[in-house]
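Structure assessment
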Amino acid sequence: MAKRISILGSTGSIGRNTLNVIDSLHGEIEVIYITARKNADVLVQQALKYRPSAVGVIDKEAAKIVENRLAGEKINVLAGRLGLLDIAARDDVDIMFNGLVGSSGMEPTLSALHAGVDVALSNKESLVMAGDLINREKLKTGTTLFPVDSEHSAIWQCLVGENLEDVRRIILTGSGGPFRTRELNTFSDVTVEEALNHPNWDMGDKITIDSATMMNKGLEVIEAHWLFGLEAKQIDIVVHPQSIIHSMVEFNDSSVKAQMGVPDMKVPIQYVLTYPKHAQATWEQLDLVKVGQLTFEEKDLKRFPCIGLAYDALRAGGTTTAVLNVANDNAVYNFLDGKIKFTDIPRIIEKACEDHEWIESPNLEDLLNLELWTTEFVKNAV
Ligand code: MG
């Protein structure tokens, strides 16, 4: 029987890749729900192709357009943030694929787990915001969280058949982004265009900026903490510009396992959908001779202060990682809008983390309030 799936953020980079993988799996996966923020054209095309029972559109104007275009197609259209949350909470799917961007992905993750639905998580911000709540909900409902992030998929694959107590540390690899070798004293002149030009990965705007500041790697450290139950001191980062090794696990006997492949998000997406099977791929194979060299460098905390901020937030615990995440979301959008400099991003995040009212064990309401506080804080800091 086909596996039933809902895809949140189906018109974004991860969502479109997921639908491509579903096509190549020839009927193994049935698309029941898809949602978009405001890309009406692509969402309508997807709806007509996959025939979901409902679609969600967050932007209310775009929702009207989608409703008109799908009139008579027997596909329900749910509008607004409430429509998205409604779809996220439905229990008539086997897996919910969360391809949303930023803090807004947190609540849908919790809703799906609460409804007893497994979650394929591309939205790492969910765990950075609410890792503790998410793990508790998972335990309560006996659900599973599958990592889609390529580094965490790599760790997961390296851990198949292993015991967590045999793990000494994990090593997350990062390409170093477009500014790995840029002169440090020119960082305040970084333009949006330069920051959006990632050397290896083709991704959405927000995560591409996160890769340029390397906050993406910092968020992944926090994500790994919650996914694998490891302490900050057991999670290392190494810069690996070729993006061929997607991450590594070092065991107590100093044996190290690495997972490799072409840098293509379809690989971890397909593994989530076909686990524990590695199904036939339609994409390019890894050609190590063509790659030639794999190189490694120390992470540079001076160039990329966001990495240090993320480690500090993880050590501080409680609400600090949530504030880090929301401040980062908002600072990145302000940078994309040309309102702040590249170097303002870590400065604003650090200030927000310092100034917020810390809570050790926040509930959902605390986190939603903190999201509002942090958004307002960044607005005033710009
Ligand atoms: Mg990643």
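Criteria and cut-off values
- Residues numbered from 1 in each chain as written.
- Predicted model: local features only at pLDDT ≥ 70, side-chain atom pairs only at ≥ 80, totals over all residues.
- Heavy atoms only, no water.
- Donors = N, O, S within 2.8 Å, 3.2 Å for Na, K, Ca; no water.
- Helix = DSSP H or I, 4+ residues; strand = E, 2+ residues; numbered from the N terminus.
- Domains from an automatic or database assignment.
- Contact = heavy atoms within 4.5 Å.
- Buried area = accessible area lost by both parts, 1.4 Å probe.
- Salt bridge = Lys/Arg side-chain N within 4 Å of Asp/Glu carboxyl O.
- Nonpolar A, V, L, I, M, F, W, Y, C, P; charged D, E, K, R; others polar.
- Buried < 20%, exposed > 50% of the residue type's maximum accessible area, 1.4 Å probe, protein only.
- Pairing = 2+ DSSP bridges.
- Axes fitted to C-alpha atoms, helices over the stretch in contact; angles between N-to-C directions.
- Parallel < 35°, antiparallel > 145°, perpendicular 65-115°, else oblique.
- 1 Å grid on protein atoms, 1.4 Å probe; cavity = no way out; pocket = protein on both sides within 12 Å on 5 of 7 lines; lining within 4 Å.
- Points joined across faces, edges and corners; volume = space filled by probe spheres on them.

We now examine the coordination of the magnesium ion. The protein atoms donating to the magnesium ion are Asp149 (OD), Glu151 (OE) and Glu220 (OE), with metal-donor distances spanning 2.1 Å. Motif for the magnesium ion, donor spacing along one chain: D-x1-E-x68-E. With Asp149 in the loop between strand 7 (145–147) and helix 7 (150–159) and Glu220 in helix 10 (residues 215–228), the pair connects residues that are 71 residues apart, well separated along the chain.

What follows deals with the domain arrangement of the protein chain. Each domain of the protein chain was delimited in the assignment, giving domain 1 (3–148) and domain 2 (152–263 + 284–316). Across the boundary between the two partners, domain 1 contributes 13 residues, which contact 15 residues of domain 2. Roughly 1200 Å² of surface becomes buried between domain 1 and domain 2 when both sides are summed, with 70% attributable to carbon and sulfur atoms. Connecting domain 1 to domain 2 are two salt bridges. Ionic pairing is found between Glu220 and Lys124, a salt bridge with its closest N-O pair at 2.9 Å. Contributing elements (two or more residues each) for the side of domain 1 that touches domain 2: helix 6 (125–141) and strand 7. Ranked by residues supplied to the side of domain 1 that touches domain 2, first place goes to helix 6 with six residues. Grouping the constituent residues of the side of domain 1 that touches domain 2 by class yields seven nonpolar, three polar and three charged.

With that settled, consider the pairing of strand 9 (residues 235–239). Put simply, side chains in a regular strand alternate between the two faces of the sheet. A large share of strand 9 lies buried, amounting to four of its five residues. Bridge count for strand 8 (residues 167–174) against strand 9 is five bridges, and the pairing is parallel. Looking at strand 9, one finds that Ile171 is bridged to Asp236.

The next subject is the sheet that holds strand 5 (residues 95–98). Read across the open sheet, the seven strands follow the order 4-3-2-1-5-6-7; overall the sheet is parallel. Of all the strands in the sheet, the pair left with one neighbour each is strand 4 (76–79) and strand 7. Sheet twist, expressed as the average angle between the axes of neighbouring strands with direction ignored, equals 20°. With four bridges connecting them, strand 1 (residues 3–8) and strand 5 associate as parallel partners. Following the sheet pairing, Ile5 is matched in strand 5 by Ile95. Helix 2 (residues 40–50) rests against strand 2 (29–36) and strand 3 (54–57) of the sheet, and its axis sits at about 160° to strand 2.

Right, let's talk about the packing of helix 4 (residues 80–88) against helix 5 (residues 106–114) for a bit. Where helix 4 meets helix 5, the axes come as close as 8 Å, and the angle between the chain directions of the two elements is 30°. In terms of their interaxial angle, helix 4 and helix 5 are classed as roughly parallel. Across the interface between the two elements, Arg81, Leu84, Leu85 and Ala88 from helix 4 touch Glu107, Pro108, Ser111 and Ala112 from helix 5. Considering only residue class, the contact of helix 4 with helix 5 consists of five nonpolar, one polar and two charged.

With that out of the way, let us pick up the environment of Lys233. Tracing the chain through its elements places Lys233 in the loop between helix 10 and strand 9. Residues Lys233 and Gly218, 15 residues apart in the sequence, show an inter-C-alpha distance of 13 Å.

Ordered by their spatial adjacency, four strands build an open sheet running 9-8-10-11, and the pairing between neighbours is mixed. Because the sheet does not close on itself, it has two edges, and the strands there are strand 9 and strand 11 (256–260). Pairwise comparison of adjacent strand axes, ignoring direction, gives a mean angle of 20° for this sheet. Bridge analysis of strand 10 (residues 245–251) against strand 11 gives five bridges, and the strand direction is antiparallel. Residue pairing in the sheet places Ile245 in a bridge with Met260 of strand 11. Contacting strand 8 and strand 9, helix 10 runs over the sheet at an angle of about 150° to strand 8.

For the rest of this paragraph, the subject is empty space enclosed by the protein. Summed over all chains, the structure comprises one cavity of 30 Å³ or more. Space inside the largest cavity adds up to approximately 60 Å³. Taken together, Ser150, Ser153, Ala154, Gln157, Trp201, His246, Gln259, Val262, Asp264, Val267 and Pro268 make up the full set of residues lining the largest cavity. Listing elements by their share of the lining of the largest cavity, those giving two or more residues are helix 7 and helix 11 (266–274).

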